[in-house]
Amino acid sequence: MIASSAFAAVHVIPDPPLAWWPFIISTVVKMIVVFTVYMVGVAMLTLAERKISAWIQGRLGPNRVGGKLGLLQPAADGVKNIMKEETLPGHVNKPIFTLAPMLAFIPALMAAAVIPFGATWDSRWGRIPMVIADLPVGFLFILAITSLGVYGIVLAGWASNNKYALLGGLRSSAQMISYEIAMGMSLIPVLLLAGNVTLNEIVDQQANMYTWNVLTLTISFFIFMVAAFAETNRLPFDLPEAESELIAGYHTEYSAMKFSMFPISEYANMATSSALMATLFFGGWNIPFMTQDNSGGVGLLLVLLSILIFAVKTGFFIFVFIWIRWTLPRFRYDQLMSLGWKTMLPMALAYIVIIAATILALDYFGSTQPWLQRTSAWYGVVMLGVNMVLAFIVFFILDRGRIISPAYGRATPQQIARLRAVTAARSHLSPQSGD
Amino acid sequence: MAINVKVLARPVEEVSYVRATLKGMARTFKHLIDPHKETIQYPDQKKPISRRWRGTHRMLTTETGKAKCVACGLCPTVCPSNCIKLVPGEDEQGNRYPLVFEIDEFRCIFCGYCQEVCPEEAIHVGQHYENSEYSREGFVYDLERLTAQTHPVSEMWDPADPKGE
């Protein structure tokens, strides 16, 4: 039996409130540091994308500016973009055309304000939480703000007065609506488990259950990740700027720094989504295999360690974003829609029902059996068991032998029989080609 | 479906999105960590070219530094793109030499017939390709410029070694 009492007394100590002046100073410092790290990080991301794409394609990538790794390439690109001529085509709607890049850029940055990036610091002036704004509704704030980013894209497409740009904007809004719902639904199991919408509480819940949410809620994570790709307009869902069909989509008419705002906001969105994935599903800043950092406030060293842990997790997901981009081809528009509405949404809804039922059952037994309470490890073990079964069903049974049906309808039994015959004939011809 | 749209039969039994994605990611990751890259950083590194590479022309000279050309007129005759301009002259001893010998590298198709037909082994195509100029006139190489070239000349096709190994 695992002694749950030793770790149960978490978050019963209320944070001693900071005096007004350390609060203001610490907040300003956090703002400046987070903004700087974010912007520099986004700049380095453009380099990382070019380098990783080059390596995946067997090339070397930028290596002329700033050493073999091309570390000064982002600076060179920035200077170039600022020096370039800013074109303002005669047929555009000027106020909206100018406003759109800002509208794309600001929400991408704002979301970073509520993501906790480290353990609370027990400083000599009081407890300083390692998050710019410790919003009680942080999670809802992020969902609201990130979905605002689509306005920038839609307005850019509209104000450009260009059919390709308009089509890009249209696709973006359709895509955003389709995946926003699946994304919100996929996060409800996380909220059910945490019983709270504060991001720090979700981190604590994962620490208390001795598991990451990805282990107990794999399918949620899976749906969230796919939806995040669609939300950030990254491949395989980069239909708004599909080069091969829409020139450059919504930013066709943009140039110089106005253009570069769109890639910057895309990368900032990517960083935010990655940070969110790390927070919601991978334990956030919590240091694995350590319980000292769970106790509310810690020393500076542990704070720095937890920030490092968070950065590593976020960086990993950013890498996954880039990695996927250079692996998968673009979805067709109707495939994108049917994946969102016919696969992701029903899956998320069914998952909510199952997880809610499991949690209800566990809470019911937990009220009589103390070893099965929410803060105990056994709770996590049971959730893990349920999840393993569900993940097996999804990834090994539901995922097999299906095609995301095209717009002209699902394959009929006759067609499937024909395809089976083709497959059988093919495997008969070349038994080794089953790769 | 519309007419004439080719619809490929997909193997339904083998289809799997998640596994196929993971397989693809494994493949790209292998390429990512593979230290072998295909890039040749051109001005610094150059691809080795064949010994039979037919590029910029070169006129070989005798020990005295004079062009070997005897102005026989075979190369302008055989030239399919008509890029060689030859005006023959004769000195007091009755030796023929070119008064004007110009090759327009812009018109030339680098077939190498001039080298093959030359009885004196004077005019050659060479193992060299970096000839850029600011004007079209710059591509007309006169005799002086042709004799001043130093790059190795192209080797002729050898029936004993048809692949040039």
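Since we're looking at a predicted model, the values are computed, not measured. Residue numbers here run from 1 along each chain, matching the order of that chain's written sequence. Chain letters start at A and ligand numbers start at 1, both assigned in the order the entries are written. Thresholds applied to this predicted model are a pLDDT of at least 70 for local features of residues and 80 or more for the giving and counting of side-chain atom pairs; totals over whole chains, interfaces and linings are not thresholded and use all residues.

How should the overall build of chain A be read in this particular structure?
Scanning chain A for helices and strands turns up 15 helices and two strands. Taken over 435 residues, chain A has a buried fraction of 40%. Across chain A, every contact between residues at least 6 apart in sequence was considered, and the portion connecting residues at least 24 apart equals 77%. Think of it this way: any DSSP run of H or I at least four residues long counts as a helix, any run of E at least two long counts as a strand, and we number them from the N terminus. In this scheme every C-beta is placed from the backbone, and a residue whose C-beta has 20 or more other C-beta atoms within 10 Å is buried, one with 12 or fewer is exposed, and one in between is partly exposed. For every residue pair, C-beta atoms are placed from the backbone, and the pair is scored as a contact if these atoms sit within 7 Å.

What is the right way to look at the overall build of chain B in this model?
Helix and strand content of chain B: four helices and five strands. Each helix and strand of chain B, placed in order from N terminus to C terminus, yields the pattern α-β-α-β-β-α-β-β-α.

What is the right way to look at the environment of B:Ala71 in this model?
Residues and elements named next belong to chain B. Tracing the sequence through the fold places Ala 71 in the loop between strand S1 (55-59) and helix H2 (74-78). Of the residues examined, Ala 71 has 22 C-beta atoms within 10 Å and is grouped as buried. Among residues more than four places away in sequence, those in contact with Ala 71 are Leu 86, Pro 88, Gly 89, Arg 96, Tyr 97 and Pro 98.

Can you walk me through the confidence of the model for chain B in this structure?
If pLDDT is low for a region, its predicted coordinates should not be looked at in detail. Of all residues in chain B, 90% have pLDDT values of 70 or greater, and the mean over the chain is 85. Two numbers describe this predicted complex: its pTM, 0.78, and its ipTM, 0.73. The quantity known as pLDDT measures the predictor's confidence residue by residue, on a range of 0 to 100.

Can you help me understand the sheet that holds strand S5 (residues 140-141) of chain B in this one?
Adjacent strands of a sheet form backbone hydrogen bonds with each other and so pair up, either parallel or antiparallel. All names here are of chain B. Taking strand neighbours across the sheet as the criterion, the three strands line up as S2-S3-S5 in an open arrangement whose pairing is antiparallel. At either margin of the open sheet sits one strand with a lone partner, and together these are strand S2 (84-90) and S5. Strand pairing is assigned whenever DSSP detects at least two bridges linking the two strands. Here S2 pairs with strand S3 (residues 96-104) via seven bridges, running antiparallel. Among the inter-strand pairings, Val 87 is bridged to a residue of S3, identified as Val 100.

Which parts of the structure should I look at to understand unusual backbone geometry?
When glycine is set aside, most residues are seen to have a negative phi, and most peptide bonds are trans. Its identity is not glycine, yet A:Asn161 carries a phi of approximately 55 degrees, on the positive side. Within the chain, B:Asn82 stands out as a residue other than glycine whose phi angle is a positive 55 degrees. The topology assignment puts B:Asn82 in the loop between H2 and S2. The class for B:Asn82 is exposed, based on 11 C-beta atoms found within 10 Å.

When you look at the nonpolar core in this model, what are you seeing that I'm missing?
Taken as a class, soluble globular proteins show a tendency for nonpolar side chains to be buried jointly. Nonpolar core, as used here: buried Ala, Val, Leu, Ile, Met, Phe, Trp, Tyr and Cys residues forming one set through C-beta atoms within 7 Å. The biggest cluster of nonpolar side chains holds 102 residues, and the ones touching the most others in it are A:Ala182, A:Ile223, A:Phe224, A:Ala227, A:Met277 and A:Met344. For this core, the element with the most residues is helix H11 (residues 256-281) of chain A, which contributes 14 residues. Non-local contacts of A:Met344, meaning those with residues more than four positions away in its chain, are made with A:Ala182, A:Ile223, A:Val226, A:Ala227 and A:Leu339. Judged by nonpolar contacts, the second largest core, of 18 residues, contains B:Met59, B:Ala67, B:Ile103 and B:Cys108.

Quick question: what am I supposed to make of the pairing of strand S1 (residues 118-123) of chain A here?
In the case of a regular strand, side chains alternate between the two sheet surfaces. Residues and elements named next belong to chain A. The sheet contact formed by S1 and strand S2 (residues 126-130) spans four bridges and is antiparallel. Its bridge partner being in S2, Ser 123 is matched across the sheet by Gly 126. Linking two consecutive strands that pair antiparallel, namely S1 and S2, is a turn of two residues.

When you look at the confidence of the model for chain A in this model, what are you seeing that I'm missing?
When pLDDT is averaged along chain A, the result is 80, and 88% of the positions lie at 70 or above. Segment residues 1-14 of chain A: pLDDT under 50, and 18 contacts once partners within four positions in sequence are set aside and those in other chains are kept.

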